[in-house]
Amino acid sequence: MTIVNTDTIPGKSIVQVKGLVQGNTVRAKNIGRDIAAGLKNMVGGELKGYTELLTESRREAISRMIAQAEALGANAVVNVRFSTSAITSGASEMMAYGTAVVAE
Amino acid sequence: MDEQSITLVFYVGLPLLIFGIGWFVGHIAEKNHERSLAEREEELKDIEVSDMRYPPGFSESDGTCALVSGEAVVSSDLFKSWLFGLRNIIGGESKTFTRLFDRARREALLRMKARARELGCNAICNMRFDSADIGGNTVAANRKRGMNMAVALVSGTAWRC
C-alpha cells in the first residue's frame, strides 16, 4: 500500500479512483503521564508523553484508513490529509483521510 | 516566626521559588534543546524539504515514496507562562512563545526528516504544518485554563530521487 500526500505517485499512473477513505482515533494517556506532563509544564521542555500520544494517534488513524482502502480494493491512497480536534486536556482526536486509488 | 511572616513566605516566597526554579531549569533546557536542534539540522541538511508538489529541481524518482510525519509537543515553563500573562495585558509580540513554537516545529521537522532517512529517501515534498490542542485551551470550561504548550505536527511525502 502506497500512502502519499501528493496527488500523484512518482513513476505510476492512477487508473481507477475508489473514493474517499478515512480513519480516526481518539486517544488519551494514562493519568500518571498526565500528572508528569503537568509537572513538566512547570520547568518547560518536551512533553514526551504527548508527543508519543500524537505519534500513536497518527499511526492508528493511518492504519484504519489503510484498512478501508484495502476493503475497497485499492492499492494506494493519495492526497492524504490530517485533521485534529480538541476534546479535553491530555487527549486528542486524530483523523486521516485521503483518496483510495488503484495505481499501476 | 509570627503568623504574618509565614503568610508572606507562603504567598510570596513559594511562588517566587517555583518561578525561579522554572525559569532556571527552563532556560538551561531551552539552550540545550536549541543546540541539539542545530546539530541534528546539520546532520540531516542533505534531505531537501519543500512544500511544493514535487521536490524542486525534481529528477525522476525511482518510485520509492512514502508518507512521513513528525510530531513534537514542547511545554513552556511556569515563569514564561506568567510573563505571557503580563504580555497579554500589554499586548504585542511574545518572543519567548514565538521561540517555543519555533522549537516545536523544528523538532517535528527533524523527526520527519529522520524517518525519511530511515526509508532511504533524500527529499520531502508537499510538506504541511498542522497543529493540535492537547493542552485543552480551546475546550477548557469556565475559568479552568489548559496547559501552555506548543504542538507541532508536520507531514509530507518522502521521495528517493
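None of the values given here were measured: they were computed from a predicted structure.

Parameters and conventions
- Residues numbered from 1 in each chain as written.
- Chains lettered and ligands numbered in written order.
- Predicted model: local features only at pLDDT ≥ 70, side-chain atom pairs only at ≥ 80, totals over all residues.
- Helix = DSSP H or I, 4+ residues; strand = E, 2+ residues; numbered from the N terminus.
- Rg over C-alpha atoms; globule rule 2.2 N^0.38 Å.
- Buried ≥ 20, exposed ≤ 12 C-beta atoms within 10 Å, placed from the backbone.
- Contact = placed C-beta atoms within 7 Å.
- pLDDT = per-residue confidence, 0-100.
- Core = buried A, V, L, I, M, F, W, Y, C linked by C-beta atoms within 7 Å.
- Pairing = 2+ DSSP bridges.
- Axes fitted to C-alpha atoms, helices over the stretch in contact; angles between N-to-C directions.
- Expected span 1.5 Å × (residues − 1).
- Nonpolar A, V, L, I, M, F, W, Y, C, P; charged D, E, K, R; others polar.

**Some details on the overall build of chain B**
If you tally the helices and strands in chain B, you get three helices and four strands. Counting from the amino terminus, helix and strand elements in chain B follow one another as α-β-β-α-α-β-β. Relative to a compact globule of 161 residues, whose C-alpha radius of gyration would be 15 Å, chain B shows 21 Å and is clearly more extended. Dimensions of chain B, computed from the C-alpha atoms along their principal axes, are close to 80 × 35 × 25 Å. Looking at chain B as a whole, 36% of its 161 residues qualify as buried. Taking all contacts inside chain B whose residues are at least 6 apart in sequence as the whole, residues at least 24 apart take part in 85%.

**Examining the confidence of the model for chain B**
Counting all residues, the mean pLDDT for chain B is 87, and 95% of those residues have values of 70 or more. In the predicted assembly, ipTM is 0.86 and pTM is 0.87.

**What about the environment of Val9(B)?**
Residue and element names in this part refer to chain B. Counting through the fold element by element, Val9 comes out in helix α1 (residues 3-43). When the 13 C-beta atoms within 10 Å are taken as the criterion, Val9 is described as partly exposed. A sequence separation of 68 residues divides Val9 from Asp77, and the C-alpha atoms of the two residues are 22 Å apart.

**Re the nonpolar core**
Within the largest apolar cluster, 52 residues are counted, with the highest numbers of intra-cluster contacts made by Val77(A), Val73(B), Ala104(B) and Val151(B). When contributions to this core are tallied by element, the ones reaching two or more residues are α2 (48-71), β4 (76-86) and β5 (91-103) of chain A together with β2 (65-77), α3 (95-118), β3 (123-130) and β4 (149-159) of chain B. Among the elements that take part in this core, β4(B) stands out by supplying eight residues, more than any other. With near-sequence residues (within four places) excluded, Val77(A) lies in contact with Ile3(A), Val21(A), Met65(A), Ile66(A), Ala69(A), Gly98(A), Thr99(A) and Ala100(A).

**Here we look at the sheet that holds strand β3 (residues 44-46) of chain A**
The strand order across the open sheet built from five strands is β3(A)-β2(B)-β4(B)-β3(B)-β1(B), with neighbouring strands paired in mixed fashion. The open sheet has two edge strands with one neighbour each: β3 of chain A together with β1 (48-49) of chain B. As judged from the two bridges shared by β3(A) and β2(B), these two strands associate in the antiparallel manner. Within the sheet, the bridge partner assigned to Gly45(A) lies in β2(B) and is Ser75(B). Lying on the sheet, α2(A) is in contact with β3 of chain A together with β2 and β4 of chain B; it crosses β2(B) at an angle near 155°. Contacts from α3(B) reach β1, β2, β3 and β4 of chain B within the one sheet, and its direction differs from that of β2(B) by about 150°.

**Some words on helix α2 (residues 78-90) of chain B**
Here α2(B) spans 19 Å end to end across 13 residues, near enough to the 18 Å set by a 1.5 Å rise per residue. Within two residues after α2(B), Gly91(B) carries a phi angle of roughly 90°, on the positive side.

**Some details on the interface of chain B and chain A**
Listed as interface residues are 43 residues of chain B and, on the opposing side, 32 residues of chain A. Those elements that provide at least two residues to the side of chain B that touches chain A are α1, β2, α2, β3 and β4 of chain B. If you tally residues by element for the side of chain B that touches chain A, the top one is β2(B), at 11 residues. Considering only residue class, the side of chain B that touches chain A consists of 19 nonpolar, 16 polar and eight charged.

**Concerning the pairing of β2(B)**
Moving residue by residue along a regular strand, the side chains alternate between the two faces of the sheet. All names here are of chain B. The element β2 is extensively covered by neighbouring structure, given that 12 of its 13 residues are classed as buried. Strand direction decides the pairing type here: β2 and β4, joined by 11 bridges, are antiparallel. Residue pairing in the sheet places Ala66 in a bridge with Ala158 of β4.

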